[in-house]
Amino acid sequence: MNENAIYDVVIVGSGVAGLSAAVYAARADLEPLVLEGPEPGGQLTLTTEVENYLGFPEGVGGTELIQRGKEQAERFGAEFAHGTVEDATLETRPFELELSSGDALRARALIVATGASARWVGAENEDELMGYGLSTCATCDGAFHRGDDVLVIGGGDSAMEEALFLAKFADSVTIVHRRDDLRASDIMARRAREHETIEFRWNTELLEIHGSRDEGVTGATLVSHADGYPTEKLASGADVEYEEVDVGGIFYGVGHDPNTAFLEDTAVELADTRHLLTLEGMTTETAVAGVFGAGDVMDPDYRQAVTSAGTGSMAALDAEAWLKEQAVSDARSHAVGEIEADG
Ligand code: NAP
């Protein structure tokens, strides 16, 4: 990483979207710099087996897929650096990026592929116990819960995946879902429903986590209502049922929020969900010319490894085309300037 250089393309994020953008930008001889961010490799490094990425009929490990993608990008000349963007100045050309380390970088084009981070549910004591028996990543922390009873919060594919992984270690896994209908895909829901170690608690939410940093998680207070969304019901004054359970671990699988905080004060537009908004149509361009979005940071709907790879490649192609246009228009302005100076 060179603070004095002006990079043609800086890619912020090194998940599957950032890597795919890096392969394409590097093959186009743009010598991209990839800032790896706080979670190098992104969400795929926290998953076990990826079964639906095209070209791997037997499935492929998430970490292996990322490692191969990085090697592929490096082979074509992409540079990787540790770094997290704290602030972006996008009204200047080139763009200026300030990193949390205090370093600064300049880029003609910027690809935002910062992904999304695990959401928390807001239960009492979660700040205190996150990392001490409370986790957002079963593949990272599941093995610590051999022989425990554990809870998994959520009703989507992430929650099913966490539960299925935890069932290898835990004595019992209870999926706690706030409604009585799963959001998960049929195949994942069926696997969880058919697993003998996995149970479901419907119309139930986690209110409070018990334990301490010394002891870890020891239990939880759950709250239920027959019509679902019990914490909302509780807040509106309705009667709800409380239950105390003894558990040794709790895993959140309630989705992710896009990592766009560094764009808040820029002209890049964000949706109500804080996802980066791209322009209408099949493009990764944003409201700021020269800034492109790829992967989960701009995708509230599909959020698949393969779609992230797709939008990553699109962002690199869009950036390449934009840089070419800029070069032509800069050359034209320069020529006009010279003619005017001569005349
Ligand atoms: P998701 O589909 O948005 O599901 C989040 C789940 O958490 C929902 O069931 C939601 O309940 C619940 N939830 C959200 N906030 C909550 C809160 N504060 N308290 C309690 N429950 C809460 O997110 P995801 O499961 O992470 O999946 C995201 C995308 O990644 C999906 O497209 C999914 O298919 C994909 N994915 C695929 C796989 C796989 O195929 N192996 C694995 C993981 C993820 P409601 O249903 O009531 O909204």
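**Q** Could you clarify how one ought to interpret the sheet that holds strand 15 (residues 216-224) in this entry?
**A** Each strand in a sheet pairs with its neighbour through backbone hydrogen bonds, running either in the same direction (parallel) or in the opposite one (antiparallel). An order of 14-15-16 is seen for the three strands of this open sheet, with the pairing classed as antiparallel. Looking along the sheet, the strands with just one partner apiece sit at the ends: strand 14 (204-212) and strand 16 (241-246). Each neighbouring strand pair of the sheet contributes to a mean axis angle of 25°, computed without reference to strand direction. The sheet contact formed by strand 15 and strand 16 spans six bridges and is antiparallel. Counterpart to Gly219 in the pairing with strand 16 is Asp246.

**Q** Help me understand the side chain of Ser20 in this model?
**A** Its place among the elements puts Ser20 in helix 1 (residues 16-27). A polar contact of 2.7 Å, which involves the side chain of Ser20, links it to the backbone oxygen of Ala309. Ser20 has contacts with Ala309, Gly312 and Ser313, leaving out every residue within four places of it along the chain.

**Q** Which parts of the structure should I look at to understand the side chain of His177?
**A** Tracing the chain through its elements places His177 in the loop between strand 12 (172-176) and helix 6 (186-194). Beyond its immediate chain neighbours, meaning those up to four positions away, His177 contacts Gly154, Gly155, Leu182, Arg201, Trp202, Asn203 and Thr204.

**Q** What is the right way to look at the site of the ligand in this model?
**A** Taken together, the neighbourhood of the ligand is formed by 22 residues, with Asp157, Ser158, Arg178, Arg179 and Arg183 sitting nearest. Take Gly155: an N or O atom from its main chain is 3.0 Å from an oxygen atom of the ligand. In this structure, an oxygen atom belonging to the ligand sits 3.4 Å away from a main-chain N or O atom of Tyr302. Burial of the ligand by the protein chains amounts to 81% of its free accessible area of 910 Å². Ranked by residue count, the leading element in the shell around the ligand is helix 5 (residues 157-166), at three residues. Shared between two domains, the shell around the ligand takes at least three residues from each, and those domains are domain 1 (6-118 + 256-339) and domain 2 (126-252).

Analysis parameters
Residues numbered from 1 in each chain as written. Predicted model: local features only at pLDDT ≥ 70, side-chain atom pairs only at ≥ 80, totals over all residues. Heavy atoms only, no water. Pairing = 2+ DSSP bridges. Helix = DSSP H or I, 4+ residues; strand = E, 2+ residues; numbered from the N terminus. Axes fitted to C-alpha atoms, helices over the stretch in contact; angles between N-to-C directions. Polar contact = N/O pair within 3.5 Å; in protein donor to acceptor, adjacent residues only side chain to side chain. Contact = heavy atoms within 4.5 Å. Near = heavy atom within 4 Å. Areas by Shrake-Rupley, 256 points an atom, 1.4 Å probe, with all protein chains shown as cover. Domains from an automatic or database assignment.

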